[in-house]
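A structural walkthrough
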Amino acid sequence: MRTPLFVGALAGSLLLVPAAAQAVPCAVTDTMVEASQAWVTRGTDLAANTWSNAGFHTGNLAQVRTTGISNHKTWPWVQANHYLLPVDPAHPFAPDAQATGEPYLDVAYFHPEPEVLQPLRDNLRAQVRDGGTYWRSPDALNMALPSFTRIALADHDQAMLDYSFRSYQSLKARTFNEFTGLWSLNAQTNGWAVQGLAKAVLALPADHPYRAEYARTLAKSVRTLTFLQRHDGFWGTTGKDSGATAMITYAIAAGVNAGVLDRATYLPHAQKGWQALLTALDAGGLLGWTAARNSWRPASADDSAGFAVGSLLLAGQQLVPLTPGC
């Protein structure tokens, strides 16, 4: 049985609010609850401390904050991980491992015990001291940039904020095409990039110079991606891909909410992406048509993954304030 947990976001933090303040249920939130429950019931490899499960739990907590309904799965997952990142000793600063930090940051709003974020802080601070360049692929913008940005802001750590911005600049110089507005590899890679940039834009103060640069690149990427949206609303490399579609839908809706993308121009593309995602849900709410990460192999109706479900939930969270009646 799911127990309602009513929460509200204010000034970058979560505050408990009375049940009466909860938004009236709508089709978007209904879909979010159904999709998250379907994954925790029917998903695969749910216990592993992986970047894909981290992506799901980030979205799962977005669903809790948006709908007030908890499936009580994220906190046990975090506890089972002992608050650790899945670090490979041979590659201690790999962005994939740092993706786990994002749901830790979100769950810390509910469980602010210091130990929840200490391993993440230790890892990020060690990387800043090391000073090396470890972001090789654009998906690092989603795996690592949100954690760096949010820990730096929480700790007033300018050195960490500067380090992550330099890492972004280095990555952009190597993998971003200023003419086309696209990141290297494929459609899903661009999805990872714009999702991470949108998260950083939402986290940073409106007048912060780094936010302005992230927003500029986000807008340039999204402008091109709107032309690459399929007639059925999906984005994909060799066919429709729910993962890429959910990430790009989230990025567009978040950009509109942040005031860095024009609502009239871009919201219809996010709405079309959301409608496409609805067609990828089976009768029980499990999301299909998810291509493997940065893969060129076409997806099928039976292909699902935690990271794609998480991005769908994030997209829903951003669409709620843009949807009449929600």
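Bear in mind the structure is a predicted one, so any value in this text is a computation, not a measurement.

Attention shifts here to the overall build of the chain. For the chain, the helix and strand inventory stands at 14 helices and 6 strands. In terms of overall size, the chain behaves like a compact globule, its C-alpha atoms giving a radius of gyration of 18 Å where 326 residues would be expected to give roughly 20 Å. Judged by the C-alpha coordinates and their principal axes, the chain covers about 50 × 45 × 40 Å. Among the 326 residues that make up the chain, the fraction classed as buried is 56%. Restricting to contacts in the chain with at least 6 residues of sequence separation, those with at least 24 account for 72%. When the accessible surface of the chain is summed, it comes to about 13,200 Å², and 58% of that surface belongs to carbon and sulfur atoms.

We now examine helix α6 (residues 118–130). Given a rise of 1.5 Å per residue, 13 residues ought to cover 18 Å, and the 18 Å separating the end C-alpha atoms of α6 matches this to within 8%. Taken as a whole, α6 has its buried residues at Leu 120, Arg 121, Asn 123, Leu 124, Gln 127 and Val 128. Angularly, the buried residues of α6 cover 165° about the axis, an arc narrow enough to put them on a single face. The inward-facing, buried residues of α6 contact α4 (95–98), α5 (101–107), α8 (145–155) and α9 (158–175).

Counting all residues, the mean pLDDT for the chain is 92, and 92% of those residues have values of 70 or more. Contacts of residues 1–23 to residues separated by more than four positions or lying in other chains number 41 contacts, the stretch itself having pLDDT below 50.

What follows deals with helix α13 (residues 263–279). In this model, α13 (17 residues) spans 24 Å end to end at C-alpha, consistent with the 24 Å of a helix rising 1.5 Å per residue. Within the sequence span of α13, burial applies to Tyr 266, Leu 267, Ala 270, Gly 273, Trp 274, Ala 276 and Leu 277. On the buried face of α13, the contacting elements are α1 (27–42), α11 (209–228), α12 (242–257) and α14 (306–319). For α13, the N-terminal capping position is held by Asp 262, with its side-chain oxygen 3.4 Å away from the main-chain nitrogen of Ala 264.

So, how was this worked out
Residues numbered from 1 in each chain as written. Predicted model: local features only at pLDDT ≥ 70, side-chain atom pairs only at ≥ 80, totals over all residues. Heavy atoms only, no water. Helix = DSSP H or I, 4+ residues; strand = E, 2+ residues; numbered from the N terminus. Rg over C-alpha atoms; globule rule 2.2 N^0.38 Å. Buried < 20%, exposed > 50% of the residue type's maximum accessible area, 1.4 Å probe, protein only. Contact = heavy atoms within 4.5 Å. Areas by Shrake-Rupley, 256 points an atom, 1.4 Å probe, with all protein chains shown as cover. Expected span 1.5 Å × (residues − 1). Arc of directions from axis to C-beta. pLDDT = per-residue confidence, 0-100. Polar contact = N/O pair within 3.5 Å; in protein donor to acceptor, adjacent residues only side chain to side chain.

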